[in-house]
Structure formats: structure tokens, C-alpha cells
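# Remarks on the overall topology
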Amino acid sequence: MSTKRNPLARSLTAALATTAMGLAVAQTQTDVHRDAATRNVGGDPFMTQYARAFYCNLPDDNNQIVIASRAWNNTTGTGANAQYRIPLTQIFDDVWFIGNHYVGQYLIKTPTGLVQVDAGNTANEVQTFNYPAMQTLGLSAAYPLTGVFLTHGHGDHDGGAKWLLDNLNARSTLGSADAAGKTYAPLTIDSTNLSMRQMNVGGKSFWILPTPGHTAGSTSAVLEVKDWGKTVRVLINGGQSMTNSVPQVAQYLDSIERTWSMASVLHVDGVMTPHIYWDGEGAKLNEINATGRTNPSQHVYGHENVLRQLAVARECSAAWLTRLDTTVVLPVWRFNTVEFTGGNPTPTQVSAKLQSGWGPTANQKVTFSVAETGASCTATTGADGVASCDVRPLRPHKDKLTVSFEGAANASFVELPASATALVCSNGNCNAK
Amino acid sequence: MNGRPMAGLAAVAACLLATACAVDNPGVEQPILPAAPDYAPVPGSTLVSRPDLPFKIARVQRGAMQVTFLAHQPASGDPVPVAVMSVAPSDRAIDVSVRLLRSDSAGGDRSDVGVATLEYLYAWTFQQDPLARYCLGHRQQPRCEVTGSRSSHAEFLGKLAALRQDVAPTSVPWHVVTMVPAASAPADADEVGVTVTSDRRPMEGATVFFHRAPHSGCVATSRADGLARCQLVDQHGDHGEHADEDKVPVVATFPGDVRSGRVLVPTTFILNPAP
């Protein structure tokens, strides 16, 4: 064999040497969680470009992407600065976005008036942009701005709240822990009560969840909107980005975990994030303005993607906390998906595969059930992640079969729950009876 | 699930159940647990020498005060509270009171559970507010509210480390890292620095994170002379937009370093702004 190796061999040798070197150096907990965040993305390039990159900005030592995004926070919008603005853009039947490419507000039409999420950077900004936008949407004495929900008390979210109070008599609602010293007399949400509950903001029902961490008074919310006539639940994240403070990051992590629970319980499908660059909503808004709103709306990310994004956020937060406190040991959250194998289920084939970014999820119980008849069976996944059993009766073209994994946990991992539903067919292809 | 995702969503009934605390000492104020405490697994820590001993925590909000119970889960029966931490805002700062429920005096419980309690407490306390004031009480001393007896975060962590060393002299020793302000005057308010020492010697290679509210930070690695210095930057890009930032204390955090046979416990230090 020649001593002159070809480039491929050299590359392979180099790669092997690098791998060996990597294995020789103990992986830190931060590395483990950053890797978990990547695995939880599931190969989605959009989530890689946005949620994965921004939620992991600090553990990736890549805060420059946040600083660069901050440069888009231009509030004048005149002349050359017009490029920073996003015009009033309808994202749902009853919701419009207005703002710039860094931060924006959502205007919601209700039967009795408008409700706004966040209050802009400054009085001048809301007077220049939001007020005319509201007029376009029908603002009048008979159709007022009835309330403002503030995600938190930073100036880029409540800078125009005083103007809205003084000029439109609209009270803002803010987490109590951020309310000290505010001049706009906010109605407060008890930030010490971390439970999820419903509240009325200007006539619109919000599920609210105090989520301290970004600020002490950050509040996340879920609300129902209409998308082409269909009711959709959307998540408003109360505040993104972390600091170098251990207690704040510990709170942030806890808040992300509770937000995941809220989004799961309420079956959230969509997102309405004030910082639109964080999870790619800015790109969606550009798309709406270029080619129109799709059905479903671009802001309907899908339930699985909303939960996946939060699982990514959780792992990024865990990665940062374990950097600031190298002694804390946190289990890794694994985002699982389950899908029927061989196309739609049939009476003779009830089989599904459970997997995550780590590969097949083995030795876990999954349940197959039919809501219409109550029939069900339970099976355990094999090494290939596949489980199968008999569900009887199972009626083709009538029953919908649901496969569900309730989740599992040990000291090292939290296997997140997953489920899928499909119509039972006679041959795995419902289009060909 | 590991208990955390849903823990905050459960409504907590606020009622008294002193018997559940397994501390029956007439005349001494009892810790208050809800009738059905929503126990969650305690977060793990590499500081804990016996992770096989099961511990749990339950959090209760009482008005503005947050009370957290640390409980040992015996092989059979209900969890037994071993420590309680009360975090309460006061007029000037946040007050944190910690009570060891198995100790009758300032001396510690030398059992395995007693040692693990101190180790979990250390890990737990490290994640509390570094600007708060801390005090340590025991079973016979329900209150520790005398202002003069309160410690800084770093002092309190040091006390816990010393107590753990006292009750477990043969276990893997904990090394306490200390930080003091850098000797040379900073060029501006955004330049921050501390000198890091361990075992009374300058410590080289220590990572130190700096944080100034609302969201400025930087990270430095200490040199051979122990100096760790860096320039604060606003992590949200709001540089220069927050008034009086230079009048806010800076928190320096040593994140700990646990390697085989050597434990450097995490700690903090407060750099107060120049008057």
C-alpha cells in the first residue's frame, strides 16, 4: 500500500482523530444540553435557523445574533429607516401585527373593541404607527382600544403604554413584579402565583401563566384566534433571552418548562411572539406580505412544532444554567414523535414507531385507542421503537385510531409524551378502498 | 415527567398540617405544609455525595413569601421534611431564612441524611438571590430574623460548607473559593474584576461570570495572579439605554468545579458600585 494517502483517507483520518479527541475530553453538562437542543430540532432547518440559534445564543457563545437583531429596533420608520418597519399585516382573521423587525405588537379585533399585545417602544412610535393602524381597523368612540396585555415591563414592550392610557384611555395589564414605578397605572397580574389561570383583558379571554426569568414580572399567555373561520390557540411567550444571573436563569428554565406544559395542555397550534426574529415569525410576516396569508396561516406552526420549539428552548436554558452552575444536574428532555408504520392503520395492522433525535425510543408503553368505541390495547416498543397490538373492534373508514405515549422519566432523561391519530383504513391507503 | 413541568400548574391548598412535618415540638412554631404537598424530585447536584438517598421538594406560596420544603423520602411512609427555606421580600432586601429541622442546635446532624441535607441545601441556596440576606436556624430556633445575624450569600454558603465539613469530616473535602474586588481601579463602570483565591492561594483558570441588572454581563478566566476581569456588555443590545446602571451592584459568580476527588463549590461575590 502506498504511503501517499488520497485526500479522502486523510480526511477520514483527521475526522477520526477529531472524534477520538472529542471523546477523550469529557463532555460537559452544557455540551450535553446544547446537543440535546440540536437533536430536539429534528432536522428542521427553519427551527435551526431561528429557535435553536436564538434560544441557545448564550450557551453557544453567539450572543452577537441578538445584538445584531437589536439593531433593527428602529422606531422612526422614515426615509432609509422604512426598511426596518413591517406594515400592518393580517396574520389571522382577527389579529394583525405591526412593528419593526425586532419587536412588534399584535392588534386583536373583538366584538367590543381592540385589544393590543404589548405597547411599543415609545409614545411617538405608537402614535405614529399603532394609532393609525387601529383607525384602519375601526377604532372609534364606539369601538375603542379596550385593553393592552404587556408581556413584561421592559421599555421595548411598554414604552407606549402611557400614551395609550392618556390618549385612548386604555389600561395595560402587567405582571406585578414589573409594575413598580410604572407611570401608566397598570392592572396587575400576581407574579408570585405561578399557576395558569384565565383572565379577561379588555374583553378578550387570556390564559395567563407568570413566567419569571427574563424579568421577574414576565407573563406568557395563550389565546384563541380565528384562522379562516377555525379556532386556533396561539402562544404569546412572555419574554425571551437570558442573563448571567443564576437565579434568573433558574427561573427562566422553570418558566419554559411550565410554558411547555401550558402549550401541551391547551393544545396550542400557533405563535404570536413580540420578538419576531426569535422564532422566525419575521420571515413568516415577510412571506405574508409578499405572497399572502396561507390556509392555515403561516403563524400556525402546528402543535408538534410549538412543543418541539419549547423543548429546544428548555434544553438551551438547561445548557446555560449548567454553565453558570456546573454542579446542577438536569435531566435531558427528549422530544418524541410517534407515527403509524406502513401508512394508515388497518384492522390487521396496528403498529406505530416511537422515536426522538436519539433514535428509536425502546421499551416504552404506548396505547392504541379508538375514541368512538372505547376499544384499546397497550404494547411496549421494541429496540426499533415499534409497538403493535390488536384493537378490536376496528372499523375501516369509520374509526380514528390514536396512538399515545404518556412520557417517562428517570434521573437522566425526560422522554416527552407524543401522540398521533389516523383514520382506520382497509388496506393502509384510505384513498383506495 | 420529572414532576417539574406540571408542578406549577397545580393549585395548592393553603391549610395547616403540622403532623406532616414530622416535627412535633410544642412551643416552637411549626413549618406549614399544605395537606397534600405537591412534592417534586429535588434537582440533582454533583455536590451531593449520596445521590442514592431520595429527597424531594415542595413549594408553597404564602402571600409574598415563598416557602420551600426539602424532604427526605424514607423507604416507606411519607416524605419527612428536613429543612425549610422561606424567601420573603422586606423593605430593603429579600430575606432568606433556612431552618434545619433535624438539628437541635447549631451543631449538625451527622447522619447520612443530615450530610445530604446540607449538600442539597448548599446547591439550593446557590441558586437563590445573591443580593438577599440569609440566616440559618435549627429545630429549636424557628426564627432567625435579627438583622445583625444575617449573612451575605457568600458568607451563608461558607457557613453551610463549614457545617458540612464539621458533620462529615471524612467525606470528599469541599474547597471554598473566595473572591475580592480587583486591586486596581477599573477604567470605567463597565470594567469589572475580582481576584479569585482558593486555599489561600491565587487561583488560575477559574471561570467567573459577571452580571449587572437588568441584563449586562461578561465572563472572565482568572490569570496566574487570580485576577479575572472583563468588560460588561448589555446582552440585549440596549447599551447605554438604562439609566443609573453604574449604581447597580455587580454579581460575580464562580460556577463551581467538581472533578474526580476535588470539589470547588460554587459561590458568589457582590461588587458594590463606587459611592
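About the thresholds
Residues numbered from 1 in each chain as written. Chains lettered and ligands numbered in written order. Predicted model: local features only at pLDDT ≥ 70, side-chain atom pairs only at ≥ 80, totals over all residues. Helix = DSSP H or I, 4+ residues; strand = E, 2+ residues; numbered from the N terminus. Expected span 1.5 Å × (residues − 1). Buried ≥ 20, exposed ≤ 12 C-beta atoms within 10 Å, placed from the backbone. Pairing = 2+ DSSP bridges. Axes fitted to C-alpha atoms, helices over the stretch in contact; angles between N-to-C directions. Parallel < 35°, antiparallel > 145°, perpendicular 65-115°, else oblique. Left-handed = near helix turned anticlockwise from the far one by under 90°. Contact = placed C-beta atoms within 7 Å. Domains from an automatic or database assignment. Nonpolar A, V, L, I, M, F, W, Y, C, P; charged D, E, K, R; others polar.

### Quick notes on helix α10 (residues 303-324) of chain A
The terminal C-alpha atoms of α10 of chain A, which comprises 22 residues, lie 32 Å apart, in line with the 32 Å expected from a rise of 1.5 Å per residue. Where burial is concerned, most of α10 of chain A is hidden: 19 out of the 22 residues are buried.

### Some remarks on the pairing of strand β7 (residues 133-138) of chain B
The side chains of a regular strand alternate between both faces of the sheet. All names here are of chain B. Taken across its 6 residues, β7 has 6 buried, putting it largely inside the fold. When strand β6 (residues 94-100) meets β7, the two strands line up parallel, connected through 6 bridges. Residue pairing for β7: V98 is matched across the bridge by L136.

### Quick notes on the packing of helix α8 (residues 246-265) of chain A against α10 of chain A
Each pair of packed helices gets described by two things: the angle between the helix axes and the distance between those axes. All names here are of chain A. Taken N-terminus to C-terminus, the directions of α8 and α10 make an angle of 165°; their axes are 9 Å apart at the nearest point. The orientation of α8 relative to α10 falls into the category roughly antiparallel. With respect to the hand of their crossing, α8 and α10 are arranged in left-handed fashion. Contacts from V246, V249, A250, Y252, L253, I256, E257, T259, W260, A263 and S264 of α8 reach α10 at V306, L307, L310, A311, A313, R314, S317, A318, W320, L321 and L324.

### A closer look at the domain arrangement of chain A
Residue and element names in this part refer to chain A. Looking at chain A, the domain boundaries give domain 1 (69-326) and domain 2 (333-423). Using only C-alpha atoms to locate each centre, domain 1 and domain 2 end up separated by 35 Å. With 5 residues of domain 1 at the contact, the number on the domain 2 side is 4 residues.

### Details of the interface of chain A and chain B
On the side of chain B, 35 residues touch chain A, which itself brings 34 residues to the contact. Ranked by residue count, the leading element in the side of chain A that touches chain B is α8 of chain A, at 8 residues. Classifying every residue of the side of chain A that touches chain B by side-chain character gives 16 nonpolar, 12 polar and 6 charged. Two strands pair when backbone bridges link them, and strand β13 (residues 328-329) of chain A and strand β2 (residues 44-45) of chain B are joined in this way by 2 bridges, in the antiparallel orientation. Note on β2 of chain B: the bridge partner recorded for V329 of chain A is G44 of chain B.

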